[in-house]
Amino acid sequence: MKILITGGAGYIGSHVAKALLEENKHELTIIDNLCKGSQKAIEALRSVGEFEFIETSLEDVARLDEIFKTHKFDAIIHFAAFIEVFESTQKPLKYYLNNTSNAINLITLCNKYGVKNFVFSSTAATYGEPDEAQVSESTSQNPINAYGRSKLMTEWVLKDTAAANRNFKYAILRYFNVAGASLDGLLGQNYPNATHLIKVATQTILGKRDKMSIFGDDYDTKDGTCIRDYIHIEDLANAHLSALRYLKDNDSNIFNVGYGTGYSVKEVIEAAKEVSGVDFKVEMAPRRDGDPACLIANSDRLRSLTDWKPVNDDLKVIIKSALEWENKA
Ligand SMILES: NC(=O)c1ccc[n+]([C@@H]2O[C@H](COP(=O)([O-])OP(=O)(O)OC[C@H]3O[C@@H](n4cnc5c(N)ncnc54)[C@H](O)[C@@H]3O)[C@@H](O)[C@H]2O)c1
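All of these numbers come straight from a predicted model, not from anything done at the bench.

1. Remarks on the overall build of the chain
Then comes step 1: Along the backbone of the chain there are eleven helices and 14 strands.
Then comes step 2: Taken over the C-alpha trace, the chain has a radius of gyration of 19 Å; the compact-globule value for 329 residues is 20 Å, and the two agree within 12%.
Then comes step 3: Seen through its principal axes, the chain has C-alpha atoms that stretch 55 × 45 × 40 Å.
Then comes step 4: Across the 329 residues in the chain, those meeting the buried criterion constitute 57%.
Then comes step 5: Summarising the internal contacts of the chain: among those between residues at least 6 apart in sequence, 79% fall at separations of at least 24.
Then comes step 6: Carbon and sulfur atoms make up 48% of the accessible area of the chain, which totals about 14000 Å².
Then comes step 7: Side chains of the chain give 38 positive and 45 negative charges; the mean places of these two sets differ by 3 Å.

2. Observations regarding the environment of Phe82
Then comes step 1: Looking at the element boundaries, Phe82 is found in the loop between β4 (75-78) and α4 (85-90).
Then comes step 2: Once the C-alpha coordinates of Phe82 and Tyr147 are considered, the two residues, 65 residues apart in sequence, prove to be 7.9 Å apart.
Then comes step 3: Sequence-distant contacts of Phe82, that is, excluding residues within four places in its chain, are made with Cys35, Lys36, Lys94, Tyr95, Asn98, Asn99 and Tyr147.

3. Points about the UniProt feature "domain: NAD-dependent epimerase/dehydratase" (unreviewed entry) in the chain
Then comes step 1: Here, the residues flagged by UniProt with the feature "domain: NAD-dependent epimerase/dehydratase" (unreviewed entry) are residues 3-258.
Then comes step 2: For residues 3-258, the end-to-end C-alpha separation is 24 Å, with 41% helix and 20% strand making up the annotated structure.

4. Here's the deal with the site of the ligand
Then comes step 1: Near the ligand you find 30 residues, and of these Asp32, Phe79, Tyr147, Lys151 and Tyr191 are the closest.
Then comes step 2: Contact distances for the ligand include 2.5 Å between an oxygen atom and a side-chain N or O atom of Asp32.
Then comes step 3: Contacts to the ligand include Val178, whose backbone N or O atom sits 3.3 Å from an oxygen atom.
Then comes step 4: In isolation the ligand offers 820 Å² of accessible surface; the protein chains occlude 97% of this area.
Then comes step 5: Elements supplying a minimum of two residues to the shell around the ligand: α1 (11-23), α5 (92-112), β5 (117-123) and α6 (146-164).
Then comes step 6: No other element matches β5, which puts three residues into the shell around the ligand.

5. Some details on the nonpolar core
Then comes step 1: Of all hydrophobic cores here, the largest spans 67 residues; its most connected members are Ile5, Ile12, Leu20, Ile77, Ile198 and Val257.
Then comes step 2: Here this core takes nine residues from helix α8 (residues 233-249), the largest share from any one element.
Then comes step 3: Formed by 23 residues, the second largest nonpolar core is a distinct cluster that contains Phe73, Ile107, Ala162 and Ile254.

6. What to know about the packing of helix α7 (residues 197-205) against helix α9 (residues 265-276)
In a pair of packed helices, the angle between the axes and the distance between the axes together describe the arrangement.
Then comes step 1: The N-to-C vectors of α7 and α9 enclose an angle of 40°; their axes lie 10 Å apart at closest approach. Judged by the inter-axis angle, α7 sits oblique to α9. Once α7 is placed against α9, the crossing between them reads as right-handed. Counting all contacts with α7, which are made through Leu197, Ile198, Ala201 and Ile205, the residues of α9 involved are Val265, Val268, Ala272 and Ser276.
Then comes step 2: Its residues assigned to classes, the contact of α7 with α9 comprises seven nonpolar, one polar and no charged.

7. Brief notes about the packing of helix α3 (residues 61-71) against α5
Then comes step 1: The N-to-C vectors of α3 and α5 enclose an angle of 30°; their axes lie 10 Å apart at closest approach. Here the hand of the crossing between α3 and α5 comes out right-handed. Residue-level inspection shows Val61, Leu64, Asp65 and Phe68 of α3 in contact with α5, the latter providing Asn105, Leu106, Leu109, Cys110 and Lys112.

Calculation criteria
Residues numbered from 1 in each chain as written. Predicted model: local features only at pLDDT ≥ 70, side-chain atom pairs only at ≥ 80, totals over all residues. Heavy atoms only, no water. Helix = DSSP H or I, 4+ residues; strand = E, 2+ residues; numbered from the N terminus. Rg over C-alpha atoms; globule rule 2.2 N^0.38 Å. Buried < 20%, exposed > 50% of the residue type's maximum accessible area, 1.4 Å probe, protein only. Contact = heavy atoms within 4.5 Å. Areas by Shrake-Rupley, 256 points an atom, 1.4 Å probe, with all protein chains shown as cover. Lys, Arg positive; Asp, Glu negative; His and termini not counted. Charge placed at Lys NZ, Arg CZ, Asp CG, Glu CD. UniProt positions renumbered as here; feature names shortened; annotations may be inferred. Near = heavy atom within 4 Å. Polar contact = N/O pair within 3.5 Å; in protein donor to acceptor, adjacent residues only side chain to side chain. Core = buried A, V, L, I, M, F, W, Y, C linked by side-chain atoms within 4.5 Å. Axes fitted to C-alpha atoms, helices over the stretch in contact; angles between N-to-C directions. Parallel < 35°, antiparallel > 145°, perpendicular 65-115°, else oblique. Left-handed = near helix turned anticlockwise from the far one by under 90°. Nonpolar A, V, L, I, M, F, W, Y, C, P; charged D, E, K, R; others polar.

Pasting the structure below:
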């Protein structure tokens, strides 16, 4: 397949690119403007296989048009976006422009050049604060921040476009909390000012931060801290390959991607202390805007309709891989 990956120098995109290169049967083009992604990830991927890297922004529609015209892609896997929930509450337009408007430009080009398959990085943040302990794909979507809304709008655009154009299919993947690094140590999370819990915990273990904060311990959960479903990056990456195979013989669909197990912030911190043997400093802080109490995936649909088989469903494996990566970073 000829595949375009947007945001392939970023955390998730680079791991998916690695998994596709390892399959050794695709022609891969990666575009990224490196606003958050890293050149180092692109260099690391060169050791896995051959691909084309184009440094450009999704905003440059003329350049994108040229790329689509000359490449005749079979599939797009669209990761490029801004991802920080709190920032989205402060700078919503930044999120709507990059995550929604730029995605519309991309989908428009897919239609113009007859690209048939679109795999979209959506998020559990589109559910907002669901009533159910575990959310399924049919749980109602009421996002509580601009990040979640910017992603939900793109889902709507995909659905409407596919309904109007029978030659265009999508797989919407709603990720839960992605964490860890590739088990061979090649790739990991490179965000300079990460806000992700496991990343921050590993930085605190290694003394890169003096301490870390728990944002709110008065949520309606077992220990008062937020509960999330943490999925190892390589299992998440493989869900994209399963989604592409699914689209070959099936119509568009939406899949939650998580393990279905929830851990509280306090539990993750305890596990990080156990894995590392380091009793790092943790302080309490007020709640952050935009954080729902509990998000756990029901991923039955992905497990039953596709060939996805997760292999790293273990919080300690996730933390250990993240720690090993952070130690080298
Ligand atoms: N990390 C998570 O836990 C998580 C959870 C749910 C959904 N997602 C989604 O997964 C996707 C990837 O997230 P990530 O964690 O890898 O983030 P990331 O910041 O590491 O990757 C995003 C990449 O997109 C690039 N990019 C951003 N805007 C661009 C633009 N206009 N033009 C070209 N490149 C651009 C960045 O440089 C970066 O390399 C996002 O769409 C995000 O919403 C992530």
